[in-house]
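Listed below are the residues making up each chain.
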Amino acid sequence: MNAPTQVSTDRGRGTADADLADPSFWRLPRTERLDAFARLRELGPPVRFTPRTGSRTPFYALVRYEDVKAASRQPQVFASAPGVTTPEPARWAKALFGNSMVNMDGAEHAGLRRTISRAFTPRLLATAEENIDGIARRLVDEMATGRSGDFMRSAPARMPFEVICDLMGIPGRHRAEIAAQIDHASEYVGVQRRGRARLRVPGRGLRSLAGLQIVMARVARERRRRPEDDVISALVRADVDGQALSSRQLGAFFSLLLVAGVETTRNAIAHGMVQLSAHPEQRALLESDFDRYADGAVDEIVRHSTPIIQFRRTVAAEHALGGRVFLPGDKVMLLYASANRDASVFAGPDTFDITRSPNPHLGYGGGGPHHCLGAHLARLEMKALFRELLTRPERVRAVGEPELVDSNFDNRVRSLPFTFGGIHPNGPA
């Protein structure tokens, strides 16, 4: 079988095409970026981009659905190590804070993921599911009392945080400090700043991670002395390959769960409110029979918003994909935000349609061993919160455009004005 023809597709040299290696591209309006992804999908083999600053390491962008899915399911070729984010975590940072599970491959990743999965017992998950509806009801009650404000400082931000804290067993006295550390640690992920601000970012982020791990280590020590029925207690007693999890392993997992689990879900909820406010016919359909349409609405919100824009992979073995032969050491971007708008898979991909079926989106990853561990919990949280938001006598709606964060990593909403006003068309619930 002949190998795919290598085509010269190098970008990042001042061409008229969109340059994904240029930080200014990620400051463009989101619609312009999505248009650029569509043009890239129409080209031949995956395009190579070369940064003009920083490490200057070229990378290839996988923009088609099938390519992103295929790479996700071949971790022996498209490896997560040494890191899935940009820049890659430094060796000293891994030694100090522990290596995140998202940056692992093979037996190391499988062993840790298996141990963590066992800690999420059916009984713990059932209890969490029972509590989710109550948390959503309480948080929306508080929103309704305030009448209006910033959506991102109300229920969407607090819902996933409180659910995860309850599931893990984090005492209430630690939660305010942990929430602050999460905000600081994730504030500049994927963002390139200018001048002095750019120099301050790494130190601030690492200080926040250090603060988060100090708090989590304190809770872990408490659970070792007095175990309870929660995930932290299960993990401090767990082992991987016969050895107890180290404090760094525990801290790295806690950081991943808290930062990733909170940020992705609250951003998806915010984007969902924007779309339901902008498309009253879709909102009316969902409100007409919430139980019938809720699952489809959640999947469409995740597809349409794609909270995680991309992850990186490093090629570990020569491999042909999408018309290009990749060589060991090549860097590859799995562009989920593009794959979820691929017209070869999704008819009318830019249309927001809660009845879309099938909807095999890659919002939780492209499958394989790194598929999102918290996808089921995130869906439950979104359904519970939207049920409360959409079935009240007074309607909540977005009243302005969301302010987005400049990022090549996540589709983050900084702020979104909302208000409660107007009577629900179906009358009091």
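As the structure is a prediction and not an experimental result, all values here were calculated from the model.

What counts and what doesn't
- Residue indices begin from 1 for each chain and proceed along its sequence in written order.
- Residues qualify for local features only when their pLDDT is at least 70, as the model is predicted, and side-chain atom pairs are given and counted only at 80 or more; totals for whole chains, interfaces and linings, by contrast, use all residues.
- No hydrogens and no water enter the side-chain calculation; it runs on all heavy atoms of the structure.
- Counting from the N terminus, the helices are DSSP H or I runs at least four residues long and the strands are E runs at least two residues long.
- Each residue after the first adds 1.5 Å to the expected span of a helix.
- The buried label goes to any residue with under 20% of its type's maximum accessible area, the exposed label to any with over 50%, and the partly exposed label to all in between, with areas taken from a 1.4 Å probe on protein chains only.
- In this description, one arc is meant: the one made by directions from the helix axis to the C-beta atoms.
- Only heavy atoms enter the contact rule, under which two residues are in contact if any of them lie within 4.5 Å.
- The convention used is that axes are lines fitted to C-alpha atoms, helices contributing only their stretch in contact, and that angles between N-to-C directions extend from 0 to 180 degrees.
- Here is the rule for angles: anything less than 35 degrees is roughly parallel, anything more than 145 is roughly antiparallel, 65 through 115 is roughly perpendicular, and the remaining ranges are oblique.
- A crossing counts as left-handed when the near helix is turned anticlockwise from the far one by less than a right angle, and as right-handed when that turn is clockwise.
- When residue character is reported, Ala, Val, Leu, Ile, Met, Phe, Trp, Tyr, Cys and Pro are called nonpolar, Asp, Glu, Lys and Arg charged, and the others, Gly included, polar.

Student: Can you tell me about helix H1 (residues 30-41), naming the residues and giving the values?
Tutor: Residue pairs spaced three or four apart in an α-helix point in one direction, given the helix's 3.6 residues per turn. The end-to-end C-alpha distance of H1 is 17 Å, a good match for the 16 Å that twelve residues give at a rise of 1.5 Å each. Buried within H1 are the following residues: Arg-33, Leu-34, Ala-36, Phe-37, Leu-40 and Arg-41. Along H1, the residues classed as buried sweep out an arc of 155° about the axis, all on the same side. Against the buried residues of H1 lie strand S2 (47-49), strand S11 (331-335) and helix H13 (336-339).

Student: Explain the environment of Leu-362 to me, and be specific about the residues and the numbers.
Tutor: Tracing the backbone shows Leu-362 in the loop between H13 and helix H14 (375-390). The exposure class of Leu-362 is buried, given its relative accessible area of 4%. C-alpha of Leu-362 to C-alpha of Leu-335: the two residues are 27 residues apart in sequence and 9.8 Å apart in space. For Leu-362, the contacting residues outside a window of four places in its chain are Tyr-65, Val-68, Lys-69, Tyr-336, Ala-339 and Asn-340.

Student: For the packing of helix H5 (residues 122-146) against H14, give the residues involved together with the corresponding values.
Tutor: Packed helices, taken two at a time, are described by their axes: the angle between them and the distance between them. Orientation of H5 relative to H14, taken along the N-to-C sense of each, is 40°, at an axis distance of 9 Å. With respect to their mutual orientation, H5 and H14 come out oblique. Pair H5 / H14 crosses with right-handed handedness. Residues Glu-129, Ile-132, Asp-133, Ala-136, Arg-137, Val-140 and Met-143 of H5 lie in contact with H14, whose contacting residues are His-376, Leu-377, Leu-380, Glu-381, Ala-384, Leu-385, Glu-388 and Leu-389. Grouping the amino acids of the contact of H5 with H14 by side-chain chemistry returns nine nonpolar, one polar and five charged.

Student: How would you sum up the packing of helix H10 (residues 247-278) against helix H12 (residues 290-305)? Please name residues and give values.
Tutor: Here H10 crosses H12 at 100°, and the two axes come no closer than 9 Å. Between H10 and H12, the angle falls in the class roughly perpendicular. Residues Ala-268, His-271, Gly-272 and Gln-275 of H10 form the contact with H12, whose participating residues are Ile-301, His-304 and Ser-305. Tallied by class, the residues present in the contact of H10 with H12 amount to two nonpolar, five polar and no charged.

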